[in-house]
Protein chains: 2
Amino acid sequence: MQDSKSDLQILNRFRQLCQRFGIKLTYQRLEIFRVLLSSDNHPSAEEVYERVKEKVPTISLDTVYRTLSTFEQLGLIRKIHGPDDRARFDPNNKKHYHLVCLKCYKITDFEWPELDNLSPPESINSWGKTQNYYLEIRGICKDCLKKEE
Amino acid sequence: MQDSKSDLQILNRFRQLCQRFGIKLTYQRLEIFRVLLSSDNHPSAEEVYERVKEKVPTISLDTVYRTLSTFEQLGLIRKIHGPDDRARFDPNNKKHYHLVCLKCYKITDFEWPELDNLSPPESINSWGKTQNYYLEIRGICKDCLKKEE
DNA sequence: ATACATGCAAAGTTTTTGCAACTCG
DNA sequence: CGAGTTGCAAAAACTTTGCATGTAT
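Residues numbered from 1 in each chain as written. Chains lettered and ligands numbered in written order. Predicted model: local features only at pLDDT ≥ 70, side-chain atom pairs only at ≥ 80, totals over all residues. Heavy atoms only, no water.

Colleague: Hey, could you run me through the overall build of chain A in this one?
Modeller: The helix and strand inventory of chain A stands at 6 helices and 5 strands. Shown N-terminal to C-terminal, the secondary structure of chain A runs as helices and strands in the order α-α-α-α-β-β-β-β-α-β-α. Principal-axis analysis of the C-alpha atoms gives chain A an extent of 45 × 45 × 30 Å. For chain A, buried positions account for 43% of its 149 residues. Total accessible area on chain A stands at roughly 8300 Å², and carbon and sulfur atoms take up 46% of it. Counting 24 positive and 22 negative side-chain charges, chain A places the averaged centre of each group 6 Å from the other. (Helix = DSSP H or I, 4+ residues; strand = E, 2+ residues; numbered from the N terminus. Buried < 20%, exposed > 50% of the residue type's maximum accessible area, 1.4 Å probe, protein only. Areas by Shrake-Rupley, 256 points an atom, 1.4 Å probe, with all protein chains shown as cover. Lys, Arg positive; Asp, Glu negative; His and termini not counted. Charge placed at Lys NZ, Arg CZ, Asp CG, Glu CD.)

Colleague: Mind showing me how you'd approach the packing of aromatic side chains here?
Modeller: What characterises a pair of aromatic rings is the spacing of the ring centres plus the angle enclosed by the ring planes. In the structure shown here, the tally under the stated rule is 12 aromatic pairs over all chains. Taking the centre distance of 6.1 Å and the plane angle of 55 degrees together, the rings of A:Tyr97 and A:Phe110 count as tilted. On the criterion of sequence distance, the pair formed by A:Tyr97 in strand S3 (residues 97-101) and A:Phe110 in strand S4 (residues 107-110) is long-range, its members being 13 residues apart. For the pair A:Tyr97 and A:Phe110, one class covers both residues: buried. Note on A:Trp112 and B:Tyr133: the rings are 6.0 Å apart at their centroids and 85 degrees apart in plane angle, and the pair reads as edge-to-face. In this pair, A:Trp112 sits in the loop between S4 and helix H5 (113-116) while B:Tyr133 sits in strand S5 (residues 128-141), so the two residues belong to two different chains. Among the aromatic residues, those joined into a ring-pair cluster are A:Tyr97, A:Phe110, A:Trp112 and B:Tyr133. Over the ring of B:Tyr134 we find A:Arg138; its NZ or CZ atom is 5.1 Å from the centre of that ring. (Phe/Tyr/Trp six-rings, centres within 6.5 Å; stacked < 30°, edge-to-face > 60°. Lys NZ or Arg CZ within 6 Å of the ring centre and 35° of its normal.)

Colleague: Looking at this structure, I do not really get the interface of chain A and chain B. What am I missing?
Modeller: Frequently, the measure chosen for interface size is the accessible area removed from exposure when the parts meet. Facing 40 residues of chain A, the contacting portion of chain B comprises 40 residues. Taken over both partners, the interface formed by chain A and chain B buries close to 3500 Å², and the fraction arising from carbon and sulfur atoms is 65%. The three residues of chain A that bury the most area against chain B are A:His81, A:Trp127 and A:Arg138, which together make up 22% of that side's buried surface. The tally of links from chain A across to chain B stands at 0 salt bridges. Linking chain A with chain B are 16 residue pairs in polar contact (both at pLDDT 80 or more), by the criterion used here. Of all the elements in the fold, those that place two or more residues in the side of chain A that touches chain B are strand S1 (78-81), S3, S4, H5, strand S5 (128-141) and helix H6 (142-148) of chain A. Looking at the side of chain A that touches chain B element by element, the count peaks at 14 residues for S5(A). The residue makeup of the side of chain A that touches chain B, split by class, is 20 nonpolar, 11 polar and 9 charged. In the sheet, S5(A) pairs with S5(B) via 13 bridges, with the strands oriented antiparallel. (Contact = heavy atoms within 4.5 Å. Buried area = accessible area lost by both parts, 1.4 Å probe. Salt bridge = Lys/Arg side-chain N within 4 Å of Asp/Glu carboxyl O. Polar contact = N/O pair within 3.5 Å; in protein donor to acceptor, adjacent residues only side chain to side chain. Nonpolar A, V, L, I, M, F, W, Y, C, P; charged D, E, K, R; others polar. Pairing = 2+ DSSP bridges.)

Colleague: What is the right way to look at the relation of the copies chain A and chain B in this model?
Modeller: Both copies of the chain are placed relative to one another by a rotation about an axis and a shift along it. Each copy superposes on the other: chain A lies on chain B with an RMSD of 0.1 Å after a rotation of 179 degrees and an axial shift of 0.1 Å. Look at the turn and shift together and you get a two-fold axis relating the two. Nearest to the rotation axis, the C-alpha of A:Leu135 is located 2.1 Å from it, this being the minimum over chain A. The overlap is high: 100% of the interface residues of chain A also sit at the interface in chain B, so the same surface is used on both sides. (Least-squares fit on C-alpha atoms with pLDDT ≥ 70 in both.)

Okay, structure coming up:
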């Protein structure tokens with residue numbers, strides 16, 4: 001879900017998705033979709049709300065929550081829970097992991113092919129059916145280190 | 001932080017910790033410490049509260065929150081944020097990772113030495129100073145699979 | 001037309017905070 | 001005694017929900 005396409009291309013793509021999943025194409029959903037597409041960071045619901053409000057001033061926060069939840073259920077985005085107490089939403093659907101800054105809570109993606117290829121211990125097979133990995137490396141990002149001196 | 005020692009041993013150990021970190025040894029803190037020691041699961045603040053209340057009926061939930069936060073800052077426990085919306089606390093200080101059930105939100109520890117030994121991509125060195133890994137494998141646990149049939 | 005989506009307001013959850021009373025060291 | 005800790009109550013922060021109105025198909 002990260003591309004830089006023209007408005008029309010995004011519209012067509014979103015229309016397709018709505019049809020495929022049987023949900024209605026509304027202006028609110030489209031603009032939320034756009035905001036997610038153009039996010040390099042991992043916005044919280046509040047941040048998505050603020051950005052969508054520029055285009056759709058009458059949108060309400062609960063619509064943003066509901067839409068994000070819908071998108072999550074459709075597999076378009078992923079909800080992530082970092083050390084920050086608010087949920088964040090990840091529109092990057094390539095296999096990747098997260099660097100989380102414990103000061104500013106910024107989340108940065110990184111890739112780690114060696115981990116992708118590592119098979120988990122067999123012991124976990126007896127636990128149940130596994131679906132996906134979530135890996136976070138926590139620390140302090142460069143910007144925050146600079147501020148500390 | 002997981003042992004099964006006598007009450008006296010735990011008391012002495014906790015007294016030591018309090019002295020080392022310069023915090024006062026209170027009945028509330030001691031009982032919270034005991035509950036954490038005897039937890040094989042990863043209790044939420046509420047769950048710790050419920051269990052401590054059996055011994056210290058007058059304890060308040062906010063004291064539990066404050067104490068857990070203190071313990072976390074001292075490095076005695078780790079706060080974890082799963083798909084469940086409440087924080088959970090992990091008293092296991094051995095290197096380990098988590099299996100998280102998306103149905104019942106139960107968290108199970110597992111070890112993965114191959115991952116411990118895997119060095120992360122160099123690219124992340126330019127990000128900042130990393131402190132620790134957090135890995136979750138999500139799925140459905142055996143019990144919940146059984147309930148579904 | 002009608003089933004779905006939105007906006008509003010209100011409520012629900014989880015966590016934090018101000019403050020007076022209390023307690024450990 | 002005095003700084004640190006607790007309990008209470010209230011508030012804050014984040015998220016969800018009921019319902020009437022509006023809208024996409």
